[in-house]
Amino acid sequence: MNNYYITTPIYYVNDKPHIGHAYTSLACDILARFKRLDGFDVHFLTGTDEHGQKVEKSAQAKNINPQEFTDNVSQNFRDLADLMNFSNDDFIRTTENRHKQACQKLWQELEKNGHIYLDKYSGWYSVRDEAYYTESELIDKDGKKLAPTGAEVEWVEEESYFFDLSKWQDKLLKLYDENPDFIAPKSRRNEVISFVKDGLKDLSVSRTAFSWGVKVPNNDKHIMYVWVDALTNYLTTLGYPDEKNKKFEKYWGADLHMVGKDIIRFHAVYWPALLMASGLDLPKRIFAHGWWTNEGEKISKSLGNVIDPVDLVEKYGLDQTRYFLMREISFGNDGDFSRQAMISRTNSDLANDIGNFCQRSLSMVFKNCESIIPNPNLNDGDNEIINNAKQCLETVRLNLDKQEFNKALESIWKIVGQANKYVDDNAPWALKNTDLDRMGTVLYTCGELIRIFGILLQPFIPNSASKMLDLIAIPEEQRTFKNINNSLQSGVKIDKPQVIFPRYVEQDDG
Ligand code: ME8
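The paragraphs below set out a description of the structure included in this document. (Residues numbered from 1 in each chain as written. Predicted model: local features only at pLDDT ≥ 70, side-chain atom pairs only at ≥ 80, totals over all residues. Heavy atoms only, no water.)

Examining the packing of helix H1 (residues 19–37) against helix H14 (residues 380–401)
When two helices pack together, their arrangement is given by the angle between their axes and by how far apart the axes lie. Counted only if it meets this: Only C-alpha atoms enter the line fits that serve as axes; for helices the fit covers just the stretch in contact. Angles between N-to-C directions range over 0 to 180 degrees. Put simply, DSSP H or I for four residues or longer makes a helix, DSSP E for two residues or longer makes a strand, and each gets a number counted from the N terminus. Working definition: roughly parallel below 35 degrees, roughly antiparallel above 145 degrees, roughly perpendicular at 65 to 115 degrees, and oblique for all remaining angles. Each crossing is labelled by how the near helix is turned from the far one, with a counterclockwise turn of less than a right angle marking it left-handed and a clockwise turn marking it right-handed. Residue contacts are counted whenever heavy atoms from the two residues lie within 4.5 Å of one another.
Relative to each other, H1 and H14 sit at 135°, their axes nearing to 11 Å. As judged from the angle between their axes, H1 and H14 are oblique. Judged by the sense of rotation from one axis to the other, the crossing of H1 with H14 is left-handed. On the side of H1, the interface is formed by Ile30, Leu31, Phe34 and Lys35, while H14 contributes Leu393, Val396, Arg397, Leu400 and Asp401.

Quick look at the structure:
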């Protein structure tokens, strides 16, 4: 069996989850579900990143200990996964023992291989970004030095362990060159290559200024740099350091690390260098998606325009939210959340295009065929549209292998459009009085299309897709992709069709 291992970033626990977190994990959920339906053995990982000075400071500000603080906030991300119907196989917390062991083992390997040394660090550090910056990277705002992200920086001078990142420049460039799909999309790949070509400095990988982190083996004055700690989570879930265990053998190196564009450097430069230095295999691909804005404005707490996924789901519905996020923008680009666009996708794509198609054709089966799926006598036109729909799976597969979620949905909706035209052209309501056999065939064809759409849509809108398949009584075990080439069974009784995609009606609250 083929294996597929996919990860989200692990999220900082300094805040409650917002649309950006939901977005990254949703993309991964769709790929994980798609691969499972396509016969792969999947491991889908998400979790929380709980160490670092920022967390220590936030806990202090609340007058509670950091563990209690992280216990509370981490739960919000688990709740988000439940709310959004994410199908992750593990949820990792970096404060877990299994993770500390993994980090320390990775450190020991790096040390054993001669890639870590003790020295002094002096430079600019941003607590908010958990990142070091060079003088030339800083920006000047009203006479104050800030990180390129706008975060405050402080001058740090302390004893520190270093990872010899500078030695990995050529190997990294070779890796990118030999594996053109290692970093996607292309714009990010170019960005990373030019960053590495500019030369790499050794990386400070420990801190002594605070204590909320994983201790460096044999020198507990130091704790590990939060990014070394965080990246290692991708190994921890597989039972590392026990490399002989089944999970590790089966799933490492990861098929895809999905990240936002803000953290591509950590994943596409530091992480492969750390892995090469410790003698471990590399992930196969890193995809960096874009960022959401809200009605054209950058999302930020200070602007008070953070979009809470809980509100979206409550207001528009779960699958409506899932559909919108994946359909609205080309994955990899930045995108704008607008209320109008959300409503339009909900009403036009879901309620009208696919919802009405299901509703009007199955209502006719219910009313005019004694609720029994009719026996068809398919002509070339009927077969053509059914085959187009079946072939759509291959298109969607190719799209998703490139993380082109919006294109995958477009491909499906193209056939949904054809399906609506098919009903209009064949007008089964008129055939009711003239040709009952032909009416039965047309309605059968519609049922068959609902079956195919339902199967194809399961990764994207799992609840609604399964309701679609329930409407035509498709047994659970006939819903995987290999069943797409079967045919809808005639003679099966269906229940009265229920509305699956309700219209969004404007509330008075505007
Ligand atoms: O960076 N639009 O965690 P984090 C889209 N702990 N996506 C967004 C977004 C927006 N406006 N804002 C955030 C960290 N994201 C580290 C990761 S991994 C070993 C450690 C998403 O809580 C995006 O995926 O800051 C980004 O990469 C992630 O949230 C950052 O989450």
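Following the structure, the description resumes.
Considering the sheet that holds strand E5 (residues 131–133)
Filter applied, for reference: In short, DSSP must find at least two bridges between two strands for them to pair.
Spatially, the four strands line up as an open sheet ordered E5-E4-E8-E10, and their pairing is antiparallel. Across the chains shown, the open sheet's two edge strands, defined by having one partner strand only, are E5 and strand E10 (203–204). Here strand E4 (residues 116–126) runs beside E5; their pairing, made up of three bridges, is antiparallel. Bridging across to E5, Tyr125 finds its partner in Tyr132.

Quick notes on H1
In an α-helix, one turn spans 3.6 residues; hence positions three or four apart end up facing the same way. To keep things clear, this is the line we draw: Here, expected helix span is obtained from the residue count minus one, scaled by 1.5 Å. Each residue is assigned to one of three classes by its accessible area relative to the maximum for its type, calculated with a 1.4 Å probe on protein chains only: buried under 20%, partly exposed between the two thresholds, exposed over 50%.
If you check H1, its first and last C-alpha atoms are 26 Å apart, about what 19 residues at 1.5 Å a residue would give, namely 27 Å. When you tally the buried positions in H1, you get 18 out of 19 residues, the bulk of the element. One or two positions beyond H1, positive phi appears at Gly39, with a value near 90°.

Comments concerning the environment of Lys167
Note on placement: Lys167 falls in the loop between strand E8 (154–163) and helix H5 (169–178). The class for Lys167 is exposed, based on a relative accessible area of 60%. Note: C-alpha distance between Lys167 and Asp202 (35 residues apart in sequence) is 8.1 Å.

Quick word on H14
Between its terminal C-alpha atoms H14 stretches 32 Å, which fits the 32 Å expected from 22 residues at 1.5 Å a residue. Asp382, Ile385, Ile386, Ala389, Lys390, Cys392, Leu393, Val396, Asn399 and Leu400 are the residues of H14 that are buried. Residues of H14 that are buried sit in contact with H1, helix H15 (405–426) and helix H17 (436–457). Gln403 lies just past H14 and shows a positive phi near 60°.

Things to note about the site of the ligand
Selection criterion: Any residue with a heavy atom positioned within 4 Å of a molecule or strand is treated as near that molecule or strand. Pairing of N or O atoms within 3.5 Å defines a polar contact, subject to two protein rules: one partner must be a possible hydrogen donor and the other a possible acceptor, and residues neighboring in sequence count only if both atoms are side-chain atoms. Note on areas: Shrake-Rupley with a 1.4 Å probe; residue coverage comes only from the protein chains shown.
Near the ligand you find 22 residues, and of these Ile10, Tyr12, Thr24, Asp49 and Trp292 are the closest. Taking Asp49, its side chain carries an N or O atom lying 2.7 Å from a nitrogen atom of the ligand. The contact in question runs from a nitrogen atom of the ligand to an N or O atom on the backbone of Trp292, over 3.0 Å. Isolated, the ligand exposes 670 Å² of accessible area, and the fraction of that covered by the protein chains is 94%. Of all the secondary structure elements, the ones that give two or more residues to the shell around the ligand are strand E1 (3–12), H1, helix H7 (226–231) and helix H8 (233–236).

Things to note about the pairing of strand E15 (residues 286–289)
Successive residues of a regular strand alternate their side chains across the two faces of the sheet. Judged by which residues are buried, E15 turns out to be covered on both faces: Ile286 and Ala288 on one side and Phe287 and His289 on the other are all buried. Across two bridges, the pairing between strand E9 (residues 183–184) and E15 is parallel. Counted as the bridge partner of Ile183 is Ile286 from E15. Examined bridge by bridge, strand E14 (residues 256–260) and E15 share four bridges and lie parallel to one another. Bridge pairing in E15 links Val259 to Ala288.

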